[in-house]
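An overview of the molecular structure
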Amino acid sequence: KAEGDGGGAGAGGVAAASGVGAASSGGVGASGGTGNGGGTGGESPDWPSCGKEVCGAEEFCDFMYDFCSIRPDQGGGPDLSRSCKKRDSTCDSATPVCGCDGVTYASQCAAQQAGVDIGGPVPGESSKCAVILPGHFPCGPLFCDASTSYCRYRYGDAGDRFVECVDWPPNCAGTCACVPKPVLQCLTVPGNGVTGVVDYSFMF
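Chains are numbered independently. Their residues run from 1 in the order of the written sequence. This being a predicted model, a pLDDT of at least 70 is required before a residue's local features are given, and a value of 80 or more before pairs of side-chain atoms are given or counted; all residues contribute to the totals for chains, interfaces and linings. The side-chain values count all of the structure's non-hydrogen atoms but skip hydrogen atoms and water molecules.

**A word on the overall build of the protein chain**
The following threshold applies: Strands here are runs of E lasting at least two residues and helices are runs of H or I lasting at least four, both read from the DSSP assignment and numbered beginning at the N terminus. Remark: exposure states derive from per-residue accessible area (1.4 Å probe, protein chains only) relative to the maximum for the residue type, with buried under 20%, exposed over 50%, and partly exposed in between. Areas reported here follow the Shrake-Rupley algorithm with a probe of radius 1.4 Å; residue values treat only the protein chains shown as occluding.
Helix and strand counts for the protein chain come out as 1 helix and 12 strands. Of all 204 residues assigned to the protein chain, the portion counted as buried reaches 49%. Here the protein chain displays about 9200 Å² of accessible surface, and carbon together with sulfur accounts for 52% of that area.

**Focus: the pairing of strand β12 (residues 195-202)**
If a strand is regular, its side chains alternate between the two faces of the sheet. Our working definition: Two strands form a pair only when DSSP identifies at least two bridges running between them.
Burial of β12 is extensive: 6 of the 8 residues sit out of reach of the surface. By the bridge criterion, 5 bridges tie strand β9 (residues 149-155) to β12 in an arrangement that is parallel. If you follow R154 over to β12, its bridge partner there is S201. Pairing of strand β11 (residues 185-190) with β12 involves 6 bridges; the strand directions are antiparallel. Pairing of L187 across the sheet is with V198, part of β12. Connecting the antiparallel pair β11 and β12 is a turn made up of 4 residues, with G193 showing a positive phi of about 80°.

Following this line, the structure appears as structure tokens:
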């Protein structure tokens with residue numbers, strides 16, 4: 001097991017790629033998490049355990065579909081898996097995220113550099129990260145900017161899901177009426193000073 005400094009977020013802060021808290025106005029301070037190079041080798045169903053695997057210093061434990069758990073009561077499904085993956089192997093560098101350690105990171109790449117997977121709840125449930133950037137709202141493990149995007153949340157029947165922040169169409173933003181059709185269900189969720197819009201649908 002390899003451990004490093006995960007860079008806690010200070011008062012209103014967001015952990016940057018280097019693991020050092022980068023100041024951000026308007027958020028609620030969260031206690032800093034400790035970076036973790038991977039699993040503990042135990043059989044716990046929750047992060048940071050990676051089952052029987054012990055991740056190396058350049059790896060992190062990746063939970064399928066980013067629930068930070070393989071327990072069904074935590075959003076995981078019976079067919080979900082977890083495994084050690086190379087940091088920055090595939091990641092988004094632009095969208096703020098919630099780490100499984102409860103720290104808000106500037107991006108998925110920044111979380112991986114700290115040895116942390118990302119995770120988030122289903123729409124309507126509170127994020128485990130206390131720091132949400134001003135103007136943003138939870139979209140699973142992501143934090144979308146409500147002024148420029150809505151959340152597209154697709155879920156399956158085995159704990160699987162696909163989430164992304166999608167740009168608003170031209171000349172329309174901020175309401176369910178602006179979400180391109182077809183829309184199975186449109187939800188509104190609270191964020192930091194804003195109300196976010198979620199296009200919520202089953203994956204067919």
